[in-house]
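Each chain, letter by letter, is given below.
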Amino acid sequence: MILQNVYEENVWKLCEQVKKTYPSELPKCYAVFVSNERRTVPLWRQKAGRGDEKLVIWDYHVFFMHNPSPNRCLVFDLDTTLPFPTYFHKYVTETFRSDYALTPEHHRFFRVIPAEKYLAEFSSDRRHMRRPDGSWIKPPPSYPPIQTSASTHSLDDFICMKPGKGPGAVYDLLHFVQQFYKPPDRNIGTKTQN
């Protein structure tokens, strides 16, 4: 299993950048955490992955979404080998594939947090980036840890996939797709004969 670096902080920084430069778009943006109870989630097409399909088993993963309209959702995943950004349907199809071929302990769950809420509630003292002796696994970012007035470390609340606990909403793969992907209406523009 590969541990995250600071994807959750990078997504927080993306939300912060949108708030500063395009504040009217912020309500259409989300931070999305992917994990499960065992913290073993397979994702394909990841830079950290192996083999031709670039498969990796993350303990959790985080990406940013911009959903300006029902069929225009874009995913910004800093570890994907797909184009950056990628349309939601392509990203989900190639990154998560299907739960049918996976054992239940590998099914992925998605905590979707509105960007404004993520900016207000996420905090991390970066403890997950340290070894037991306190040394860094990888060098931390140069900016200070993200903190709120209420918490110095809320990361575990975001990784938790129990509905009703933590911010935002939790979906299984099917309901996540149904929430953010609306197939184009094939009947638009067609004429009926009398």
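By the naming in an unreviewed UniProt entry, the chain is Protein N-terminal glutamine amidohydrolase, taken from Anopheles minimus. Entered under Sequence similarities (unreviewed entry) in the UniProt record, the comment concerning the chain runs "Belongs to the NTAQ1 family." If you open the UniProt record of the chain and go to Catalytic activity (unreviewed entry), you find "N-terminal L-glutaminyl-[protein] + H2O = N-terminal L-glutamyl-[protein] + NH4(+)".

**Q** I'd like to hear about the overall build of the chain, residue by residue, with values.
**A** When you go through the chain residue by residue, the secondary structure sums to five helices and eight strands. In sequence order, the secondary structure elements of the chain are arranged as α-β-β-β-β-β-β-α-β-α-α-β-α. Taking 2.2 N^0.38 as the reference for a compact globule, 194 residues should give roughly 16 Å; the C-alpha atoms of the chain span a radius of gyration of 18 Å, in line with that estimate. Considered along the principal axes of its C-alpha atoms, the chain spans approximately 75 × 40 × 30 Å.

**Q** Talk me through the pattern of salt bridges; I want residue IDs and the actual numbers.
**A** Within the structure shown, the criterion is met by 10 salt bridges. A salt bridge links Glu16 to Lys13; the shortest N-O distance between them is 3.6 Å. Here Lys13 and Glu16 lie together in helix H1 (residues 7-21), a separation of three residues that amounts to about one turn. Given a relative accessible area of 21%, Glu16 falls into the partly exposed group. Salt-bridge contacts for Arg45 lead to Glu94; the nearest nitrogen and oxygen are separated by 2.3 Å. You can see Arg45 sitting in the loop between strand S2 (41-43) and strand S3 (56-58) and its partner Glu94 sitting in helix H2 (residues 88-95), a full 49 residues away along the chain.

**Q** Tell me about the environment of Thr80, and name the residues and values.
**A** Looking at where Thr80 falls in the secondary structure, it is placed in the loop between strand S5 (74-76) and strand S6 (86-87). Given a relative accessible area of 4%, Thr80 falls into the buried group. Each C-alpha atom, one on Thr80 and one on Leu43, is 9.4 Å from the other, the two residues being 37 residues apart in sequence. In contact with Thr80, not counting residues within four places along its chain, are Arg45, Gln46, Lys47 and Tyr91. A distance of 3.3 Å separates a polar atom in the side chain of Thr80 from the backbone oxygen of Arg45.

**Q** Provide a residue-level description of the layout of surface pockets, including the pertinent values.
**A** By volume, the largest pocket amounts to about 270 Å³. What lines the largest pocket is a set of 15 residues, and nearest its centre among them are Ser98, Asp99, Tyr100, Leu173 and Leu174. Secondary-structure elements contributing two or more residues to the lining of the largest pocket are H2 and helix H5 (173-180). With four residues, the single largest contributor to the lining of the largest pocket is H2.

**Q** Would you mind going over the nonpolar core in detail, with residue names and values included?
**A** As a rule of thumb, nonpolar side chains are buried together in soluble globular proteins. Counting residues in each nonpolar core, the largest one holds 46 residues, and the members touching the most others are Phe33, Phe63, Met65, Phe96, Tyr118 and Phe176. Broken down by element, the residue count for this core peaks at six residues, all from strand S1 (residues 29-35).

The rules behind the values
Residues numbered from 1 in each chain as written. Predicted model: local features only at pLDDT ≥ 70, side-chain atom pairs only at ≥ 80, totals over all residues. Heavy atoms only, no water. UniProt positions renumbered as here; feature names shortened; annotations may be inferred. Helix = DSSP H or I, 4+ residues; strand = E, 2+ residues; numbered from the N terminus. Rg over C-alpha atoms; globule rule 2.2 N^0.38 Å. Salt bridge = Lys/Arg side-chain N within 4 Å of Asp/Glu carboxyl O. Buried < 20%, exposed > 50% of the residue type's maximum accessible area, 1.4 Å probe, protein only. Contact = heavy atoms within 4.5 Å. Polar contact = N/O pair within 3.5 Å; in protein donor to acceptor, adjacent residues only side chain to side chain. 1 Å grid on protein atoms, 1.4 Å probe; cavity = no way out; pocket = protein on both sides within 12 Å on 5 of 7 lines; lining within 4 Å. Points joined across faces, edges and corners; volume = space filled by probe spheres on them. Core = buried A, V, L, I, M, F, W, Y, C linked by side-chain atoms within 4.5 Å.

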